[in-house]
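Examination of the molecular architecture
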Amino acid sequence: MSFLEVNNICLDYSVKEGQTHALDDVSFSVGEGESVAIIGPSGCGKSSLLKIIQGLVPATSGTVTLKGETVDRPARDIALILQDFGLLPWRTCAKNVGIALQIRGYARDERRERVEKMLELVELSDMARAYPSQLSGGMKQRLAIARALAVDTKLLLMDEPLSALDALLRERMQERLLALWQSQGYAQIIVTHSIEEAVFLGQRIIVFSPRPGHIVDIIENPLCASAGFRSTEAFFSQVEYLRELLREDADDPASEVRHA
Ligand code: ADP
């Protein structure tokens, strides 16, 4: 039994015109402490899949289990960080982290201690009294991670976490995300539409097809997180392989027809 198991997930949304078949028979697993990237074109159901894994949206069929237990409501051990980060604009950074602890019933002293530790971990101690509107995109991302980790999240789900950042900052943030994951031991699933990001951050890369989303391939990426990986031959050849795979699938006229 794996830490997280996603078994035969299908999802249909009811819309005015009938049904949108968003996900088609999606199955994979994630090990404890593993980092997995999901890549695929826009609209292939990646965000919906994260919401199903977190227990926010019910699947039409299929199951998700975490440590053997079915996830059928928002799960305690799983944090989902959406593209807008879900920060409370009227609360300071420290209070944004503290609220998660307060909801879980942590005592005041422990809350203060944990908030300090988490802000230090994501290098935002100086911003404890600032409000989210005073933070850059990268800082907001780190604050959302601090809030998730404060309550001992075991699985972090991130929906295109770095898509709003410019290229240089994006690389720096990828390195921070990698370092945080390496030091803290949680598992993570990162949805991205950047090939380089998937290869840099995913020990395994799950490739999705266009609508309805289904898995085309799962690529092992064992050198992920090794020193200097980004400038190695292995990195470039993984990027090239993925690029070809995504191009082939987008070009394949049958890919639309097959699942219509
Ligand atoms: P991605 O994250 O890969 O861009 P989404 O999960 O957002 O994909 O969407 C997958 C498909 O489901 C899209 O066709 C989208 O329009 C549709 N969809 C997403 N959310 C809803 C919803 N709440 N109601 C109806 N259709 C939806």
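For clarity, every value in this text was computed on a predicted model and none was experimentally measured.

What counts as what
Residues numbered from 1 in each chain as written. Predicted model: local features only at pLDDT ≥ 70, side-chain atom pairs only at ≥ 80, totals over all residues. Heavy atoms only, no water. Salt bridge = Lys/Arg side-chain N within 4 Å of Asp/Glu carboxyl O. Helix = DSSP H or I, 4+ residues; strand = E, 2+ residues; numbered from the N terminus. Buried < 20%, exposed > 50% of the residue type's maximum accessible area, 1.4 Å probe, protein only. Pairing = 2+ DSSP bridges. Axes fitted to C-alpha atoms, helices over the stretch in contact; angles between N-to-C directions. Contact = heavy atoms within 4.5 Å. Near = heavy atom within 4 Å. Polar contact = N/O pair within 3.5 Å; in protein donor to acceptor, adjacent residues only side chain to side chain. Areas by Shrake-Rupley, 256 points an atom, 1.4 Å probe, with all protein chains shown as cover. Nonpolar A, V, L, I, M, F, W, Y, C, P; charged D, E, K, R; others polar. Phe/Tyr/Trp six-rings, centres within 6.5 Å; stacked < 30°, edge-to-face > 60°. Lys NZ or Arg CZ within 6 Å of the ring centre and 35° of its normal.

**With respect to the pattern of salt bridges**
Counting across every chain of the model gives 13 salt bridges. Where Arg176 meets Glu123, a salt bridge forms, and the shortest distance between an N and an O atom there is 3.3 Å. Highlighted residues: Arg176 in helix α5 (residues 167–184) and Glu123 in the loop between α3 (108–121) and α4 (137–150), separated in sequence by 53 residues. For Arg176, a relative accessible area of 26% puts it in the partly exposed group. Relative accessible area serves as the criterion here: at 54%, Glu123 is assigned to the exposed category.

**Considerations on the sheet that holds strand β10 (residues 215–220)**
Strands sit in the order β6-β7-β8-β3-β9-β10 across an open sheet of 6 strands; the sheet is mixed. A strand with exactly one partner marks an edge of an open sheet, and here the two such strands are β6 (78–81) and β10. Pairs of neighbouring strands in the sheet enclose a mean axial angle of 15 degrees, with direction left out of account. Bridging between strand β9 (residues 204–208) and β10 involves 5 bridges; their strand directions are antiparallel. Bridged to Val207 within β10 is Asp217. Contacts between helix α1 (residues 46–54) and the sheet are confined to β3 (35–39), β6, β7 (155–159), β8 (187–192) and β9, with β7 contributing the most and set at about 155 degrees to the helix.

**What about the site of the ligand?**
Close to the ligand lie 13 residues; Gly43, Gly45, Lys46, Ser47 and Ser48 are nearest. Residue Gly45 places a main-chain N or O atom 3.0 Å away from an oxygen atom belonging to the ligand. The protein chains hide 64% of the 560 Å² of surface that the ligand would expose on its own. The set of elements that each furnish at least two residues to the shell around the ligand consists of β1 (4–15), β2 (18–30) and α1. Counting residues per element, the shell around the ligand draws most heavily on α1, which supplies 3 residues. Here the residues of the shell around the ligand are counted per class, giving 5 nonpolar, 6 polar and 2 charged.

**So, the packing of aromatic side chains**
Inspection of every chain in the model, using the stated rule, returns 2 aromatic pairs. Between the aromatic rings of Phe229 and Phe235, the centroid separation amounts to 5.3 Å while the plane-to-plane angle is 90 degrees, which identifies the pairing as edge-to-face. Ring centres 5.8 Å apart and planes at 85 degrees place the aromatic pair Phe235 and Phe236 in the edge-to-face group. On the accessibility criterion, Phe236 (49% relative accessible area) is partly exposed. Each residue in the set Phe229, Phe235 and Phe236 is aromatic and connected to the rest through ring pairs, giving one cluster. Seen from the ring of Phe200, Arg230 lies directly overhead, with NZ or CZ sitting 4.0 Å from the centre.

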